[in-house]
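Survey of secondary and tertiary structure
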Amino acid sequence: MRILLNRRLPSLRLLRYGNCVWNQHNQAGELAMNVNLSADEMAFRDQVRKFFAEKYPADIRFKTDNGIELERDDYIRWQKILYAQGWAAINWPVEYGGTGWSAVQKYIFANEIAEANAPDMVPFGVKMVAPVIYTFGNEAQKQRFLPDILQSNAWWCQGYSEPGSGSDLASLKTRAERMHDHYLVNGTKTWTTLAHMADWIFCLVRTSSDVARRQEGISFLLIDMNTPGVSVKPIITIEGEREVNEVHFENVRVPFGNLIGEEGKGWTYGKVLLQHERTNLAGTARSIFQMRRLKARAMQALHGGEPLMNDRNFARKFAATEIELKALEYTDLRTLAAVAIGKAPGPESSILKIRGTEVSQAIAALCMEAAGYYALPWIPSQYSVGFPVAERIGLGSETRTSLRYFNNRKASIYGGSNEIQKNIISKHVLGL
Amino acid sequence: MDFSLTEEQEMLVESVSRFIDNDYDFDGRQKNAASETGFSNELWRTFAELGWTAVPFSEADGGLGGGPVELMLMMQQFGRGLVIEPFLANIVLAGGVLRRLATTEQKSRWLQPLIAGELQAALGFAEPQGRFNSADVATVAKRAGDGFVLNGRKNLVLNGGNAALIIIPARTSGKQKDRSGITLFAIDGGSAGITRKAYKTVDGHQAAEISLADVRVAPKAVLGDIGLGFDTLQSVMDEATLAVSAEAIGIIRAMHDKTVEYTKNRVQFGVPIGSFQALQHRLVDTLVACEQTYSLLLWTAMVCAANDPAASRAISALKYQVGSAGMHVAREAVQLHGGMGVTWELDIAHFFKRMTSIELLFGNTDYHLDRYVSLS
């Protein structure tokens, strides 16, 4: 695929424009870019597509296609299949077991996994803590933790937010006291996604209060969830399901060997991680898939009625969302292009987070509208394993519409709320 | 120009308001919502004892003779309190039909027990294929002997799982979307041939999917004239739209107030987040949305109270405003509450879900904007 900066297109040059990467028009005035895949890239796409067709287990596919919640074992079984293929750690350096793929290959993979409606790797291990470990960890830590992450032997969760520290993360209070041969950890983390399934948690903890800036004195600590004193309390979210938790630490003894990098430098490491997190938040391939499903649903004629897609109001809203999504897809590609020439995802990734979550929320709202009165039944049990799909109340083709819609209100709040993203852009991009 | 309330209206507001403040806490509401019936029968009897279930009915029928203004006043309070007791289904929908069409005999059989809080009732105002068009009636009633046999399906029958009386619009003549040829039937919920799948709705209320397979009804089950039920159905739907719009205003005002309070107390970066101008302006916008919507509610209630022929158009204007401005306030309230806004524990999430339901109920924003245009 030629995106923005293809070397085979000499008329296209990249301009640095503030902190954003812009492309230039060629002499003919056309946007000099081409989304056609090269022969190699097409072959790669076919290979990925074939893999999903053959290796994505039919029983798990049935669940994702029908909105049935996956269990821990489903994730692990699928992730081990990805690992066996060598595709578990797409972004890792090759030396640790990564793919070494180009930006275009990663883009193709993201599209194909979305088209297959297959789950992504649970991000906390492979996408979040692993880059910190292989960038800042010591050799022993790399050897100890990376293989288990790669092979899905260990499930990780993220211990950043606290009840009093959300947008203001640096105010965190969970403290790790240095004892003679271990840290003693006390405090509470919150919004911990899937902590009830996790073996390990990576935490930002305060190791010193005697600091000039609050960002200093924070350390990056890996904690075994089975350590005495760690307890997990569910938080039920708006749609009525358990996804996030509070994690309490009461006199938890953590070996010194679980400290990543230097004591007091955790904020720097954590920030790197947050930027990795942000690049995963645009979710354009998933949104494109959702839009296609929604369209198929809205094209179906209800018994004796008109297809909703014939309703001009709905068609216009659908179109507006589709256009916004197309713009987002190309903003995403521009970021990808910047990464391809060796630039780290910078503050512009905040744009993706803001628009990505807004678009996904708009799609979820359109799905509610398409479902009409069938958006209103609240029957989580009909999406559980073993409940006959044919006996669900609703239009046959829709799955978890309202559960997804309500749950997805979190998207503009997590991962650095969209307000925080705007602060980042105004400070680092606009220089205000 | 006088927006003041009469003494009776003030008393009604005070009565409901005091109840919401003192006897209707959120935890109890949640507990009752999770129960099998989905609400508290005991509280429902209290509603009846306090006379609220009698408000919209004429004194001749044993009611208090209230109109749209009284309905609006009560529903705002119910919105503020997130009340789940089936006032809308019993009193506005089923009661609205009975009040307009029932004979003396039918009233004594159904309306009096309804007002007394002893009868649970429902109205099947929607069918799966019909979306928001209540004239789209595919349920058929065929004459059989001196009675009728009904076949068809109704969705989102509010209070349908609990209802001993279900009012079913069915087609006795005409084509599927014709306004003429619709007849309203009062049917015993336990009749042979009725299958009910009861469920909870996203907002903590309850409803049912009801199918009718060869349900036999006697002639005395017919409410009003054969084939002329649609006008009544539409009047009742209009009143219900006014009711949920008023409820929505109670909801968004509560959401706005709670959000302002939250931003004053939630400290991040060493200061209350309400001190940030970026948030202050957003809260000013939600205040404006609440006030504008309330103004339109007052206008609509007055137009309705005057029996103005433009009442339907005013109601559509209001529902459009409630859907657009109301959802704006609701989204902002959740967003500004951060993670807490999307927890089950906090009432904000439940206000949000009720507002979302109301956006869809009796026609969404687009539907009512279209209807406003067509009535202009």
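The rules behind each value
Residues numbered from 1 in each chain as written. Chains lettered and ligands numbered in written order. Predicted model: local features only at pLDDT ≥ 70, side-chain atom pairs only at ≥ 80, totals over all residues. Heavy atoms only, no water. Helix = DSSP H or I, 4+ residues; strand = E, 2+ residues; numbered from the N terminus. Rg over C-alpha atoms; globule rule 2.2 N^0.38 Å. Buried < 20%, exposed > 50% of the residue type's maximum accessible area, 1.4 Å probe, protein only. Contact = heavy atoms within 4.5 Å. Lys, Arg positive; Asp, Glu negative; His and termini not counted. Charge placed at Lys NZ, Arg CZ, Asp CG, Glu CD. Domains from an automatic or database assignment. Buried area = accessible area lost by both parts, 1.4 Å probe. Salt bridge = Lys/Arg side-chain N within 4 Å of Asp/Glu carboxyl O. Polar contact = N/O pair within 3.5 Å; in protein donor to acceptor, adjacent residues only side chain to side chain. Nonpolar A, V, L, I, M, F, W, Y, C, P; charged D, E, K, R; others polar. 1 Å grid on protein atoms, 1.4 Å probe; cavity = no way out; pocket = protein on both sides within 12 Å on 5 of 7 lines; lining within 4 Å. Points joined across faces, edges and corners; volume = space filled by probe spheres on them. Core = buried A, V, L, I, M, F, W, Y, C linked by side-chain atoms within 4.5 Å. Disulfide = S-S within 2.5 Å. Axes fitted to C-alpha atoms, helices over the stretch in contact; angles between N-to-C directions. Parallel < 35°, antiparallel > 145°, perpendicular 65-115°, else oblique. Left-handed = near helix turned anticlockwise from the far one by under 90°. Pairing = 2+ DSSP bridges.

The subject of this paragraph is the overall build of chain B. Each helix and strand in chain B was counted, giving 11 helices and 10 strands. Relative to the compact-globule value of 21 Å for 376 residues, chain B shows a C-alpha radius of gyration of 21 Å, a close match. With the principal axes as the frame, chain B shows a C-alpha extent of 80 × 45 × 40 Å. For chain B, buried positions account for 60% of its 376 residues. Residue pairs in contact within chain B that sit at least 24 positions apart in sequence constitute 75% of those at least 6 positions apart. Counting 34 positive and 42 negative side-chain charges, chain B places the centres of these two groups 8 Å from one another.

Another aspect to go through is the domain arrangement of chain B. Residues and elements named next belong to chain B. Structurally, chain B comprises domain 1 (7-119), domain 2 (122-227) and domain 3 (231-375). Opposite the 13 residues of domain 2 that make contact, domain 3 presents 14 residues. For the pair domain 2 and domain 3, the two sides together bury roughly 1200 Å², of which 69% comes from carbon and sulfur. When the buried area of domain 2 at its contact with domain 3 is split by residue, Phe125, Phe132 and Asp203 rank highest and sum to 44% of it. Linking domain 2 with domain 3 are one salt bridge. Ionic pairing is found between Arg354 and Asp203, a salt bridge with its closest N-O pair at 2.8 Å. Taken together, domain 2 and domain 3 are joined by two residue pairs in polar contact (both at pLDDT 80 or more). Grouping the amino acids of the side of domain 2 that touches domain 3 by side-chain chemistry returns eight nonpolar, two polar and three charged.

Phi is positive for A:Ser152, which is not a glycine, with a value near 55°. Of note, A:Ser152 is situated in the loop between helix H6 (139-150) and strand S3 (156-159). Classification of A:Ser152 by relative accessible area gives buried; the value is 7%. Look at B:Leu156: it is not a glycine, yet its phi comes out positive at around 45°. Topologically, B:Leu156 is positioned in strand S3 (residues 147-158).

Attention now goes to the layout of surface pockets. Estimated volume of the second largest pocket: approximately 1100 Å³. Counting residues per element, the ones that place at least two in the lining of the second largest pocket are helix H9 (312-340), helix H10 (349-371) and helix H12 (418-429) of chain A together with helix H9 (311-336), helix H10 (347-360) and helix H11 (365-375) of chain B. Split into classes, the residues belonging to the lining of the second largest pocket amount to 11 nonpolar, 11 polar and 14 charged.

Right, let's get into the interface of chain B and chain A. Listed as interface residues are 48 residues of chain B and, on the opposing side, 45 residues of chain A. Buried surface at the junction of chain B and chain A, both sides included, amounts to about 3800 Å², of which 62% is carbon and sulfur. Our count for the contact surface shared by chain B and chain A stands at two salt bridges. One salt bridge in this structure joins A:Glu419 and B:Arg282, with 2.7 Å as the shortest N-O distance. Only S3, strand S6 (194-200), strand S9 (267-268), helix H8 (277-305), H9, H10 and H11 of chain B provide two or more residues apiece to the side of chain B that touches chain A. By residue class, the composition of the side of chain B that touches chain A is 21 nonpolar, 14 polar and 13 charged.

Before going further, it helps to examine empty space enclosed by the protein. Taken as a whole, this structure holds five cavities of 30 Å³ or more when the rule is applied. Counted as a void, the largest cavity has a volume near 220 Å³. Taken together, 21 residues make up the lining of the largest cavity; nearest its centre are B:Pro86, B:Leu88, B:Leu158, B:His205 and B:Arg354. The element that contributes the greatest number of residues to the lining of the largest cavity is helix H5 (residues 87-101) of chain B, accounting for three residues. As for the second largest cavity, its lining consists of 11 residues, of which A:Tyr374, A:Pro377, A:Gln382, A:Tyr383 and A:Ser402 are closest to the centre. For the lining of the second largest cavity, the residue count by class is seven nonpolar, three polar and one charged.

On to the domain arrangement of chain A. Residue and element names in this part refer to chain A. We note that the domain assignment places domain 1 (39-121), domain 2 (156-265) and domain 3 (281-429) within chain A. Computed over C-alpha atoms, the centres of domain 2 and domain 3 are 31 Å apart. Each side of the interface is counted separately: domain 2 has seven residues, and domain 3 has nine residues. Together domain 2 and domain 3 conceal approximately 630 Å² of surface at their shared face, both sides included; 48% is due to carbon and sulfur atoms.

Attention now goes to the nonpolar core. Side chains of nonpolar character tend, in soluble globular proteins, to be buried together. Formed by 115 residues in total, the largest nonpolar core has its most connected members in B:Phe125, B:Leu158, B:Leu223 and B:Phe362. Element by element, the count of residues in this core is highest for helix H7 (residues 230-265) of chain B, at 15 residues. Once residues within four sequence positions are removed from consideration, B:Leu223 is found in contact with B:Val97, B:Leu98, B:Leu101, B:Ala102, B:Gln106, B:Trp110, B:Ile167, B:Leu184, B:Phe185 and B:Ala186. By size, the runner-up hydrophobic cluster in this structure holds 76 residues, among which are A:Leu70, A:Ile90, A:Leu172 and A:Ala198.

Under the defined criterion, the tally for this structure stands at zero disulfides over all chains. Just so you know, A:Cys157 is unpaired, no disulfide at all, and the nearest cysteine sulfur is the one on A:Cys203, 7.4 Å from it.

Once that is clear, we can look at the packing of helix H4 (residues 68-80) of chain B against H7(B). Residues and elements named next belong to chain B. The contact between H4 and H7 brings their axes to 7 Å, and the two run at 40°. The angle between H4 and H7 places the two elements in the oblique class. The way H4 lies across H7 gives a crossing that is right-handed. Note on element contacts: H7 touches H4 through Glu239, Leu242, Ala243, Ala246, Glu247, Ile249, Gly250, Ile251 and Ala254, opposite Pro68, Leu71, Met72, Met75, Gln76, Gly79 and Arg80. Looking at side-chain class alone, the contact of H4 with H7 contains 10 nonpolar, three polar and three charged residues.

Our focus in this paragraph is the side chain of B:Thr293. Mapped onto the elements, B:Thr293 comes out in helix H8. Dropping the residues within four chain positions of it, B:Thr293 is found in contact with B:Ile249, B:Ile252, B:Leu318, B:Gln321, B:Val322 and B:Ala325.

On any regular strand, side chains alternate: one points to one face of the sheet, the next to the other face. All names here are of chain A. Of the two faces of S3, both are covered, the one formed by Trp156 and Gln158 as well as the one formed by Cys157 and Gly159. The pairing of S3 with strand S6 (residues 200-206) spans four bridges and is parallel. By the bridge assignment, Gln158 is partnered in S6 with Phe202.

Below, the discussion takes up the side chain of B:Thr365. Residues and elements named next belong to chain B. Position of Thr365 among the secondary structure elements: in helix H11. The exposure class assigned to Thr365 is buried, which follows from its relative accessible area of 13%. Setting aside anything within four residues of it in sequence, one finds Thr365 in contact with Tyr320, Gly323, Ser324 and Glu359.

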